[in-house]
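Geometric and topological summary
What follows is the residue order along each chain.
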Amino acid sequence: MSSATSPASQDPSAPLPTDPAELEKLIRGQQNQLASSVDALVDKVHPKNVAQRTLADLKARGRGAVLTETGEPRVERIAAVGAGALGVLVLALARRSRKRRRGRRQVEKAAERGRRRGQG
């Protein structure tokens, strides 16, 4: 990254060059290296790049959860997820059915009360 080739650019404990041109060359090399490091850091923490890395990580974890290293499906895990989803569906349908029955009973009771009032 650094274009400076003086001994001071390679070894931080080496004495600084006394020639102004060499010193300027060393400073420019270090500035370029610092600018490059800052640019890399800014690129690394940019929200779009963080989101892309996070998404790629989630995809890799998801694949790892359902596929083996050779790419074959992990049947036991897929079956477990399917069974869980089926269980949730059955519970949702049972709850819906219970609500319908309860509503129907309330309507029937109200109709019965209305019939009794009409007779009495």
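Up top you'll find the structure we're talking about.
A separate point is the overall build of the protein chain. Secondary structure summary: the protein chain contains four helices and zero strands in total. Ordered by position from the N terminus, the helices and strands of the protein chain form the series α-α-α-α. The C-alpha radius of gyration of the protein chain comes to 36 Å, more than 25% above the 14 Å expected for a compact globule of 120 residues. Structurally, the protein chain occupies a C-alpha span of about 120 × 45 × 20 Å along its principal axes. Taking all 120 residues of the protein chain together, the buried fraction comes to 7%. Summarising the internal contacts of the protein chain: among those between residues at least 6 apart in sequence, 16% fall at separations of at least 24. Here the protein chain has roughly 10300 Å² of accessible surface; of this, 59% comes from carbon and sulfur atoms.

Before going further, it helps to spend a moment on a nonpolar patch on the surface. Judged by side-chain polarity, Leu86, Leu89, Val90 and Leu93 come together as a nonpolar surface patch covering roughly 380 Å² of accessible area. By the element assignment, Leu93 lies in helix 4 (residues 75-119).

Our focus in this paragraph is a positive patch on the surface. Together, Arg95, Arg96, Arg98, Lys99, Arg100, Arg101, Arg102, Arg104, Arg105, Lys109, Arg113 and Arg117 make up a region of like positive charge exposed at the surface. Relative to the assigned elements, Arg113 resides in helix 4.

Take the pattern of salt bridges next. The tally for this structure, following the rule as stated, stands at five salt bridges. The partner of Glu69 in a salt bridge is Arg74, with the nearest N and O atoms 3.7 Å apart. By relative accessible area, which is 74% here, Glu69 ends up exposed. Relative accessible area serves as the criterion here: at 17%, Arg74 is assigned to the buried category.

Within the secondary structure, Pro47 sits in helix 3 (residues 47-66). Judged by relative accessible area, which is 59%, Pro47 ranks as exposed. C-alpha of Pro47 to C-alpha of Gly62: the two residues are 15 residues apart in sequence and 22 Å apart in space.

Within the secondary structure, Leu16 sits in the loop between helix 1 (7-10) and helix 2 (20-45). Taking the C-alpha atoms as reference points, Leu16 and Arg100, 84 residues apart in sequence, are found 87 Å from one another.

Their axes nearest at 5 Å, the elements helix 2 and helix 3 cross at an angle of 60 degrees. Overall, the two elements helix 2 and helix 3 adopt an arrangement that is oblique. For the pair helix 2 and helix 3, contact is made by Asp43, Lys44 and Val45 and by Pro47, Asn49, Val50 and Arg53, respectively. Residue composition of the contact of helix 2 with helix 3, grouped by class: three nonpolar, one polar and three charged.

The rules we used
Every chain's residues receive numbers from 1 upward, in the order its sequence appears when written. Reporting in this predicted model follows two pLDDT cut-offs: at least 70 for local features of residues, and 80 or more for side-chain atom pairs to be given and counted; totals over whole chains, interfaces and linings ignore these cut-offs and use all residues. Side-chain numbers come from the whole structure's heavy atoms, not from hydrogens or water. Secondary structure elements are taken from DSSP: a helix is a run of H or I of four residues or more, a strand is a run of E of two residues or more, and numbering for both begins at the N terminus. With the radius of gyration taken over C-alpha atoms, the globule rule is written as 2.2 Å times the number of residues to the power 0.38. The buried label goes to any residue with under 20% of its type's maximum accessible area, the exposed label to any with over 50%, and the partly exposed label to all in between, with areas taken from a 1.4 Å probe on protein chains only. Contact between two residues is taken to exist if any of their heavy atoms lie within 4.5 Å; hydrogens are not considered. The Shrake-Rupley method, run with a 1.4 Å probe sphere, supplies the accessible areas, and residue values consider only the shown protein chains as cover. Residues enter patches when their relative accessible area tops 30% and they take part in no salt bridge; the joining distance is 9 Å for like charges and 5 Å for the nonpolar side chains Val, Leu, Ile, Met, Phe, Trp and Tyr. The term salt bridge refers to a pairing of a side-chain nitrogen on Lys or Arg with a carboxyl oxygen on Asp or Glu at a separation within 4 Å. Positive charges come from Lys and Arg alone, negative charges from Asp and Glu alone, with His and the N- and C-terminal ends not counted. To locate a charge, the coordinates of NZ of Lys, CZ of Arg, CG of Asp or CD of Glu are taken. Lines fitted to C-alpha atoms define the axes, with helix axes restricted to the stretch in contact, and inter-axis angles between N-to-C directions lie between 0 and 180 degrees. Should an angle fall under 35 degrees it is taken as roughly parallel, and over 145 as roughly antiparallel, whereas 65 to 115 is taken as roughly perpendicular and any remaining angle as oblique. Residue classes follow a fixed rule: Ala, Val, Leu, Ile, Met, Phe, Trp, Tyr, Cys and Pro count as nonpolar, while Asp, Glu, Lys and Arg count as charged, and any other residue, Gly among them, counts as polar.

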